[in-house]
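Letter by letter, the chains look like this.
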Amino acid sequence: MQYSENILAAKGQGSTFEAINGDDLKTLQVPNYPIEKQRQIAARLKAQLAEVDKARQAAETQLRDADVLGQRIFNKIWAELDSVPRKPLGEYAQTTSGSTPARSNKQYWQPAEVAWVKTAEVAFAPITKTEEAISKKALAECSLPILPTKTVLIAMYGQGKTRGQSAILEIPATTNQACFAILPNDAWVPEFLFHWLKFSYQDLRALSEGRGGNQANLNGGLLKALLIPTPDKPTQKVIIARIENVLTEIEANKNGSKAMLNDINLLPQKNPGPGVRDVTMAKKKPESKDQPVSLTQPPAGYAEWLGELKNRIHKAQQRATLAVNRELVRLYWQIGRDILARQAQQGWGCQDHRPAGPRPAQRLPGDEGFFPRQPHLYARLCQGLAG
């Protein structure tokens, strides 16, 4: 019956909802094989569907792991900036917010001349267009600022997950009062600032938790006080490139997993079980006793296709592992380089490698394998690569 679903669904009738009448079910052609042969068919189909289910679980796991993979890599990248000076956002960048022109004044909304951003559109993606726009009259009379491209926006409040999300303007625009705007400045490259804010999303939300009222909101005072790592701009650009390369790899990995999952979900249709087509064929040409039951055989190339699908999943998992390892080696080399530099300049010894504060495992929950002698090994790694 499972494999006759599409055939039965095509017979559905009704305006409110489609229904199948009893006569359609009574006339449904069902293969009438001996019980033993039915058991053989059922056993083979069960084994094939079990393989399909394994492949589906692997693809779903790969899809879930993509985001976890990204977060772990970003943890490593941003951890490199722990020793970099931090600057208060409000002291090094001009900030502002907007407002909502009165809806009752149609002249504020027509003609639609200036892009107007709402917090729902601040969603960790470049803003290239807006759902609404206001008139130049509203811009002038409501004291709304025109924000230049590359302005970074933060949603101070909004429904669900909106609060704390960020975005970069790719068009000149203005905003409503719930958007906090950080104009381009000399301290931070806009994309660096955006990626840091995105990485700090949960921290931003925590800033406004427990502040009372009906809704937990961020405000300009809290955001201006943010202490943001401020490496020189060339270093910021290197970090941007690394992050965007990782994001590209992860997106490709996710798209591949989605494509595989879609193919896997189509497997029952690629390898159909007992259906009307087979019954019709059987009626035209009776099956001999010695002829194998064709319904138990997968279509030509099915086994090879399923094997190739599993191989693609395995290769995607290998690429993900290599991406993590590449970032880890880069991080360990940089830590080792810093230790060697301090040994040469300040006479550090092996005991100086032992952290006085929390160990890395405490700073990076969920990551394992940290132990006291690791910094010494990082230094040796750096020496080995340099030599």
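The structure displayed is predicted, hence computed values, not measured ones. (Residues numbered from 1 in each chain as written. Predicted model: local features only at pLDDT ≥ 70, side-chain atom pairs only at ≥ 80, totals over all residues. Heavy atoms only, no water.)

Asker: Just to check I follow, could you spell out the nonpolar core for this structure?
Answerer: One broad rule of soluble globular proteins: the nonpolar side chains tend to lie buried together. Within the largest apolar cluster, 34 residues are counted, with the highest numbers of intra-cluster contacts made by Trp 78, Leu 89, Ile 182, Trp 188, Phe 192, Leu 197 and Leu 223. Among the secondary structure elements, those contributing two or more residues to this core are helix H3 (35-79), strand E5 (152-155), strand E8 (179-182), helix H6 (190-199) and helix H9 (233-265). The dominant element in this core, judged by the number of residues it contributes, is H3, at six residues. Not counting chain neighbours up to four residues away, the residues in contact with Phe 192 comprise Trp 78, Leu 81, Pro 229, Pro 231, Gln 236, Ile 239 and Ile 240. (Core = buried A, V, L, I, M, F, W, Y, C linked by side-chain atoms within 4.5 Å. Buried < 20%, exposed > 50% of the residue type's maximum accessible area, 1.4 Å probe, protein only. Helix = DSSP H or I, 4+ residues; strand = E, 2+ residues; numbered from the N terminus. Contact = heavy atoms within 4.5 Å.)

Asker: What is the right way to look at the packing of H3 against H9 in this model?
Answerer: Helix-helix packing is described using two parameters, namely the angle between the two axes and the distance between the axes. One way to put it is that H3 packs onto H9 with a least axis distance of 9 Å and a crossing angle of 170°. Viewed along their axes, H3 and H9 adopt a mutual orientation that is roughly antiparallel. The residue inventory of the contact of H3 with H9, partitioned by class, reads 17 nonpolar, five polar and six charged. (Axes fitted to C-alpha atoms, helices over the stretch in contact; angles between N-to-C directions. Parallel < 35°, antiparallel > 145°, perpendicular 65-115°, else oblique. Nonpolar A, V, L, I, M, F, W, Y, C, P; charged D, E, K, R; others polar.)

Asker: Just to check I follow, could you spell out the pairing of strand E3 (residues 114-117) for this structure?
Answerer: Two faces belong to every sheet, and in a regular strand the side chains alternate between them. Every second residue of E3 is oriented toward a common face, with Val 114 and Trp 116 on one face and Ala 115 and Val 117 on the other, all of them buried. In this sheet, strand E4 (residues 132-134) lies alongside E3 in antiparallel orientation, the contact comprising three bridges. The partner of Trp 116 across the bridge, within E4, is Glu 132. In this structure, E3 lies alongside strand E7 (residues 174-175), joined through two bridges in parallel fashion. Counted as the bridge partner of Trp 116 is Thr 174 from E7. (Pairing = 2+ DSSP bridges.)

Asker: Help me understand H6 in this model?
Answerer: In an α-helix, one turn spans 3.6 residues, which is why side chains three or four residues apart end up on the same side. The buried fraction of H6 is high, at eight of ten residues. What H6 keeps buried is the set Pro 190, Glu 191, Phe 192, Leu 193, Phe 194, His 195, Trp 196 and Leu 197.

Asker: Would you take a moment to explain the environment of Thr 149 for this structure?
Answerer: Here Thr 149 is to be found in the loop between helix H5 (136-141) and E5. Using a relative accessible area of 35% as the deciding quantity, one classes Thr 149 as partly exposed. Between the C-alpha atoms of Thr 149 and Ala 173, which are 24 residues apart in sequence, the distance is 8.0 Å. The contacts of Thr 149, once residues within four sequence positions are left out, are Leu 169, Glu 170, Ile 171, Pro 172 and Pro 184.

Asker: I'm lost on the packing of H3 against H6 in this one. Help?
Answerer: Put simply, H3 and H6 touch, their axes get as near as 11 Å, and they point 120° apart. By the angle class used here, H3 and H6 are oblique. In terms of crossing hand, the pair formed by H3 and H6 is left-handed. Contacts from Gln 71, Phe 74, Asn 75 and Trp 78 of H3 reach H6 at Phe 192, His 195, Trp 196 and Phe 199. (Left-handed = near helix turned anticlockwise from the far one by under 90°.)

Asker: In this structure, what is going on with the pattern of salt bridges? I would like to understand it.
Answerer: Evaluated as defined, the whole model comprises eight salt bridges. The salt bridge partner of Glu 36 is Arg 39, with a shortest N-O separation of 3.6 Å. Residue Glu 36 and its partner Arg 39 are located together in helix H3, separated by three residues, close to a single helical turn. According to the relative accessible area criterion, Glu 36 is partly exposed, its value standing at 47%. Of the charged contacts, one joins Lys 150 and Glu 170 as a salt bridge, the two residues approaching to 3.1 Å between their closest N and O atoms. A residue pair is termed long-range when its members are at least 10 positions apart, and Lys 150 in the loop between H5 and E5 and Glu 170 in the loop between strand E6 (166-168) and E7 qualify at 20 residues. (Salt bridge = Lys/Arg side-chain N within 4 Å of Asp/Glu carboxyl O.)

Asker: Where do I start with the environment of Ala 181 in this structure?
Answerer: Its place among the elements puts Ala 181 in strand E8. For Ala 181, a relative accessible area of 0% puts it in the buried group. Separated by 83 residues in sequence, Ala 181 and Gly 98 have C-alpha atoms that sit 8.5 Å apart. Among all residues touching Ala 181, those that are not within four sequence positions of it are Gln 94, Thr 95, Thr 96, Leu 147, Thr 151, Val 152 and Leu 153.

Asker: Please explain the confidence of the model for the protein as it appears in this structure.
Answerer: The predicted structure's coordinates, where accompanied by low pLDDT, should not be read in detail. The share of residues in the protein with pLDDT of 70 or more is 64%, and the mean pLDDT across the chain is 77. For the stretch residues 273-296, pLDDT sits under 50, and the model shows 31 contacts to residues farther than four places along the chain or on other chains. Low pLDDT, under 50, characterises residues 351-374; the stretch is placed with 22 contacts to residues that sit more than four places away or in other chains. (pLDDT = per-residue confidence, 0-100.)

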